[in-house]
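# Per-entry structural report
So the chains spell out like this:
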Amino acid sequence: MSIKNGNKIEAPVGAWEVSKVLGLNSRDVATLCTYSRINPWAKYKPENHPKIGILTDEERAEAQYGITKIPLFGNQVDMASFVKNGTPAPLTFPDATPETEYWEYELPPYNRHKRLTDFDGYWHQAIRPIEPLEIDTIDVRGMADNDLICFDFPVATEAANLKISDFAFTHLWGKYPNQVTNGTTYFLGVCLTDGTADGTRTVTQNASMNNGMVNLQTINGKKYVRIEVTRAAFMAAAPPMAHLTVFPFVTDDSKTTFGLPGLADHPAVPFNFAAGIVNVITGDRYLIAFGAVDYTRPSMDKWLISFPVTVKNQTDSPLTIDSSNKGTVTLYKNSIATESKVFPFSNPTIAPGDTYSETVQFEVTGGSYYAILQWQVAPGNADNYNVKSPTIEF
């Protein structure tokens, strides 16, 4: 019997076993090897490879296990802009557009020779090799300087599942020698970005993944790969924005100091399918939030959006907001900043536990809108806030 647990194929591989696992009523080898429901994240599966005989593990790795359109960038700033904004195009696909799909599985062409043996080890239940963070907030309030901020990305570890350490990144480096300084290693990192160079922060693990993933964690029976930074290091280079896109990436050298993108002349490959959003909270005196977004329609082609903002005093003493440090509310249309207004604090003194509210309004036409409040309580103070409103569409 070459089917294990109902979803994994083992040698000897026959057409009947493959059709059963795939749920396809055919025993034609070409049909089986080009079936659209083959799991792309299975490590062993049909590949578009010129070899007629059985593929070796080295040959599969050099072909990136059938995964194509891996986005490679010459530096981390371009990579961050790509994940957040869709541009610039990667070195590997200079003609790509923001709509281009990456990390795709390339099925063998129907008219090319097929190898049923490619299914030896195929696991139909394989998952993506790495997933987005399962948290949406980094809250450093109450943390000691030596406490760790942990970026734990869920990862696949099964032998029959493609893992982030399986990809032949060093082989990819070799195709772009002008962009690669150290072409023999690759390191896992995390990037937090608002899409700009000044608003991007990165850090990597201190050990390479050449021999497999490092700093693996088991939490409630689930596997994670961890990238960590102390609170002191994080705060020393805290991003100017707090509502950030966060994603894992690999590069060819280590950068263990959290901060602005380094390794400017080093390649960077983002796992952009594992991108998420995280809100960074660094202050501990105020709780600032957007309320429900409201709007009116003063004319047929215009809307007046109201963004209510509340500020709650979380201390045991009255707090007076210094009007010289008013924040700004920036309106974004289709993810592009279009207009900013000063947040209209009027020197309120907020009693302990009380909330102060103001509303900022913008007149707009059709589109998708949200606002981001940026507010620094006092110059050099750790109470810096960046809060994103709900999105509203017209």
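Turning our eyes to something else, we now look at the pairing of strand β10 (residues 222–230). The pairing of strand β6 (residues 148–154) with β10 spans 7 bridges and is antiparallel. Counterpart to phenylalanine 151 in the pairing with β10 is isoleucine 227. When strand β9 (residues 216–219) meets β10, the two strands line up antiparallel, connected through 4 bridges. Across the sheet, threonine 218 pairs through a bridge with lysine 223, a residue of β10. Between β9 and β10, which pair antiparallel in sequence order, lie 2 residues; one of them, asparagine 220, sits at a positive phi of approximately 50°.

Moving on to the environment of glutamate 47. Take glutamate 47: it is sitting in the loop between α2 (29–33) and α3 (57–62). What makes glutamate 47 buried here is its relative accessible area of 3%. Setting aside its immediate chain neighbours within four residues, glutamate 47 contacts Leu55, Arg60, Ala63, Tyr65, Gly66, Pro108, Arg115 and Asp118.

Let's shift gears to helix α4 (residues 76–85). For α4, every residue scored as buried is listed here: Gln76, Met79, Ala80, Ser81, Phe82 and Val83. Along its buried surface, α4 packs onto β7 (187–193), β8 (200–204), β11 (243–251) and β12 (268–270). Among the residues of α4, the N-terminal cap falls to asparagine 75, whose side-chain oxygen and the backbone nitrogen of valine 77 are separated by 3.1 Å. Directly after α4, the chain includes glycine 86, whose backbone phi takes a positive value near 90°.

Strand order in the open sheet made by the 3 strands is β6-β10-β9, with antiparallel pairing throughout. Two strands close off the open sheet at either side, each with one partner strand: β6 and β9. Adjacent strand axes in the sheet meet at a mean angle of 45° when their direction is disregarded.

It is worth spelling out the environment of alanine 42 at this point. Positionally, alanine 42 belongs in the loop between α2 and α3. The sequence separation of alanine 42 and glycine 121 amounts to 79 residues, and the corresponding C-alpha distance is 8.5 Å. Setting aside chain neighbours within four positions, we find alanine 42 in contact with Tyr122, Trp123, Ala126, Ala160 and Leu162.

Another aspect to go through is helix α1 (residues 15–22). For α1, the buried fraction is high: 6 of the 8 residues fall into the buried class. Along α1, the residues classified as buried are Ala15, Glu17, Val18, Ser19, Val21 and Leu22. Glycine 23 sits one or two positions beyond α1 and adopts a positive phi of about 75°.

Scoring rules and cut-offs
Residues numbered from 1 in each chain as written. Predicted model: local features only at pLDDT ≥ 70, side-chain atom pairs only at ≥ 80, totals over all residues. Heavy atoms only, no water. Pairing = 2+ DSSP bridges. Helix = DSSP H or I, 4+ residues; strand = E, 2+ residues; numbered from the N terminus. Buried < 20%, exposed > 50% of the residue type's maximum accessible area, 1.4 Å probe, protein only. Contact = heavy atoms within 4.5 Å. Polar contact = N/O pair within 3.5 Å; in protein donor to acceptor, adjacent residues only side chain to side chain. Axes fitted to C-alpha atoms, helices over the stretch in contact; angles between N-to-C directions.

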